[in-house]
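Observations on the three-dimensional arrangement
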Amino acid sequence: MDVVDMAQKAVSAVIQGEMSFCKFMSANDSGESGAHQVGFLISLHAKEMMFTDDEMRENDILKKTVKVNWQNGEIITESVFTWYKSKHEIRLTRFGRDFPFIDPKYTGALFVLVRNGIQNFSAYILNSDDDIQQFLDAFGMTPAETNHLINASNISDSFKEDIEIKNFISQIHGDFPASEVMSHEARIIIYSLFFNKPLTDSQKDSEKIAHLISSNPDKILLQWTNTEFRLFRALEDAKYGDQIKRGFSSVDEFIEVANKVLNRRKSRAGKSLEHHLAAIFDSCKIKYTPQAVTEGNKRPDFIFPSIEDYHNAEFSIEHLCSLAAKTTCKDRWRQILNEGNRFKGRNKYLCTLQQGISSAQMDEMEAEKVILVVPKPYISSYPSDRQDRIWTISKFIDFVKEMEDIK
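None of these values were measured; they are calculated from a predicted model. (Residues numbered from 1 in each chain as written. Predicted model: local features only at pLDDT ≥ 70, side-chain atom pairs only at ≥ 80, totals over all residues. Heavy atoms only, no water.)

1. Considerations on the overall build of the protein chain
The cut-off we apply is this: What counts as a helix is a DSSP run of H or I of at least four residues, what counts as a strand is a run of E of at least two, and both are numbered from the N terminus. Radius of gyration: over C-alpha atoms. The globule rule applied is 2.2 Å multiplied by the number of residues raised to the 0.38 power. Only protein chains enter the accessibility calculation, which uses a 1.4 Å probe. A residue is then buried if its area is under 20% of the maximum for its type, exposed if over 50%, and partly exposed in between. Here, residues are in contact when the closest pair of their heavy atoms is within 4.5 Å. To be clear on the numbers: accessible area is Shrake-Rupley with a 1.4 Å probe, and residue cover counts the displayed protein chains and nothing else.
Scanning the protein chain for helices and strands turns up 12 helices and 13 strands. The C-alpha radius of gyration computed for the protein chain amounts to 28 Å, which surpasses the reference 22 Å derived for 407 residues by more than 25%, pointing to a less compact arrangement than a globule. The principal-axis extents of the C-alpha atoms in the protein chain amount to approximately 90 × 60 × 40 Å. Looking at the 407 residues of the protein chain, the share that counts as buried comes to 48%. A separation threshold of at least 6 residues defines the contact pool for the protein chain, and within that pool the share at least 24 residues apart is 62%. By element, 47% of the accessible surface of the protein chain is carried by carbon and sulfur atoms, the whole surface being about 20700 Å².

2. Concerning unusual backbone geometry
Backbone geometry follows two general trends: most residues other than glycine have a negative phi, and most peptide bonds adopt the trans configuration. In this model, Phe304 is joined to Pro305 through a cis peptide bond whose omega is 0°. On the secondary structure map, Pro305 appears in the loop between strand S10 (302-304) and helix H10 (307-311). One non-glycine residue with positive phi stands out, namely Asn147, at about 65°. Its location among the elements puts Asn147 in the loop between helix H4 (129-138) and strand S8 (148-149). Judged by relative accessible area, Asn147 falls into the partly exposed class, the value being 33%.

3. Side note on helix H1 (residues 6-16)
Condition: Polar contact is defined as a pair of N or O atoms within 3.5 Å, subject to the rule that within protein one atom must be able to donate a hydrogen and the other to accept it, and that residues adjacent in sequence are counted only when both atoms are side-chain atoms.
The element H1 is extensively covered by neighbouring structure, given that 10 of its 11 residues are classed as buried. Listed in full, the buried residues belonging to H1 are Met6, Ala7, Gln8, Lys9, Ala10, Val11, Ser12, Ala13, Val14 and Ile15. Residues of H1 that are buried sit in contact with strand S1 (19-24), strand S6 (110-117), strand S7 (120-126), H4 and helix H5 (157-170). N-capping of H1 is provided by Asp5, with a side-chain oxygen placed 3.3 Å from the backbone N of Ala7.

4. A word on the packing of helix H7 (residues 203-215) against helix H8 (residues 217-246)
Defined as follows: Fitted lines through C-alpha atoms serve as axes, helices being fitted only where they are in contact, and the angles separating the N-to-C directions of these axes extend from 0 to 180 degrees. We call two directions roughly parallel when the angle between them is under 35 degrees, roughly antiparallel when it is over 145, roughly perpendicular when it lies between 65 and 115, and oblique otherwise. Note that Gly is not counted as nonpolar here; it falls among the polar residues with everything else outside the nonpolar set of Ala, Val, Leu, Ile, Met, Phe, Trp, Tyr, Cys and Pro and the charged set of Asp, Glu, Lys and Arg.
Close contact between H7 and H8 brings their axes to 5 Å; oriented N to C, the two are set at 105°. By the angle between their directions, the pair H7 and H8 is classed as roughly perpendicular. Here Leu212, Ile213, Ser214 and Ser215 of H7 come into contact with H8, specifically with Pro217, Ile220 and Trp224. Of the residues that constitute the contact of H7 with H8, the class distribution is five nonpolar, two polar and no charged.

5. A few points about the pairing of strand S4 (residues 75-84)
In plain terms, the rule: By definition, two strands form a pair when at least two bridges between them are found by DSSP.
Of all 10 residues in S4, seven are buried, a share of seventy percent or more. Of the pairings in the sheet, the one linking strand S3 (residues 61-70) to S4 comprises 10 bridges and is antiparallel in character. Among the inter-strand pairings, Lys63 is bridged to a residue of S4, identified as Thr82. Hairpin remark: S3 followed by S4, antiparallel, with four residues in the connecting loop; positive phi at Gln71, about 50°. Direction of pairing for S4 relative to strand S5 (residues 89-93): antiparallel, over a ladder of five bridges.

6. Structural notes on the pattern of salt bridges
What counts is decided by this rule: The term salt bridge refers to a pairing of a side-chain nitrogen on Lys or Arg with a carboxyl oxygen on Asp or Glu at a separation within 4 Å.
Summed over the entire model, instances satisfying the criterion amount to 15 salt bridges. Asp54 serves as the salt-bridge partner of Arg57, at 2.1 Å between the closest nitrogen and oxygen. Of this pair, Arg57 and Asp54 both sit in helix H3 (residues 53-58), three residues apart, roughly one helical turn. Looking at Arg57, the relative accessible area reads 52%, which means it is exposed. For the salt bridge of Arg386 with Asp363, the shortest nitrogen-to-oxygen distance reads 2.9 Å. Here the residue Arg386 occupies a position in the loop between strand S13 (370-373) and helix H12 (393-404), and Asp363 occupies one in helix H11 (residues 359-367), the gap between them amounting to 23 residues. Among the charged side chains, a salt-bridge network with shared partners connects Asp363, Glu366, Asp385, Arg386 and Arg389.

Structure representation (structure tokens):
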């Protein structure tokens, strides 16, 4: 399932590369003019990708051998950048036999060059109007602004997110990934957008992520859930789009597919919120047990600090609490009232992405000691005279930290 076209691969390479350059191929570049000098003429505006000023000043002819990965791995060449002081030009040459892009049909194609390291480059030849326009639009460029270094910071977050989503989908074979995989990928996409680079498992990057989450957990939770929704919908389109366009042989076949899609959506939504809340608690170093059994078939989404402490009669109830996670709760909030015998008569916490509940229902919740935990931007959708009853994600985290005595 290859849903990533060459223009998007080129855009992704530019985002991840050190420096990038693009130009329209001239007749000389493509070999159409029959000129003796074969190869790509590189603008001096991009000279820093290849050479330093001192190197160019001190050498009449300067060569640098590099590895170039063409069209995302279709071809790899050991090529040479050459600086000619007498001509005041830089050329990329030496592509080996049967190199396909020195050909008149590529005159006017967009040549994209990306430096990934001192001796490692990627190159893309975009030869259709749609690919060229898509690439230029990604960086807000006009054709007149080519033949220069590309300002990768000009790309919009929504375009970067689209690229990351399609890159992820292109690697999926078979059925839908598990819900925790989808949630994790949504978080990775948000991190890469925020820090403008792919993150690693290093201690430094982990600290950056922890600071990002702890500084505004309400905002980051909504970013994660919104991105995962876009990711999930894009995957649905990739999986079922062709089948829907072809149509169905019977009503039964249509209903079967529709039920499969709807059931997966319902299942995913609830799990998504749980996964993201767990990521926030982990980042804030909060202790918890997810989906643990209290009594009988009762299974709260989260017990703080642990289910072992809950079952320890000597552990003070003052240092225990539970949290239910429900994407919507207008009709389902009563399900949490009996999730743990030890919490009878005490506050019960319910995290939801529901936007707005009636005053009457909020009064019922208050009578049952249910405290809503809602991302801060959503609180304004609730009755104004009852908004002070609602906790933000940040307030709940502070409450649990104080309860667990986390410094």
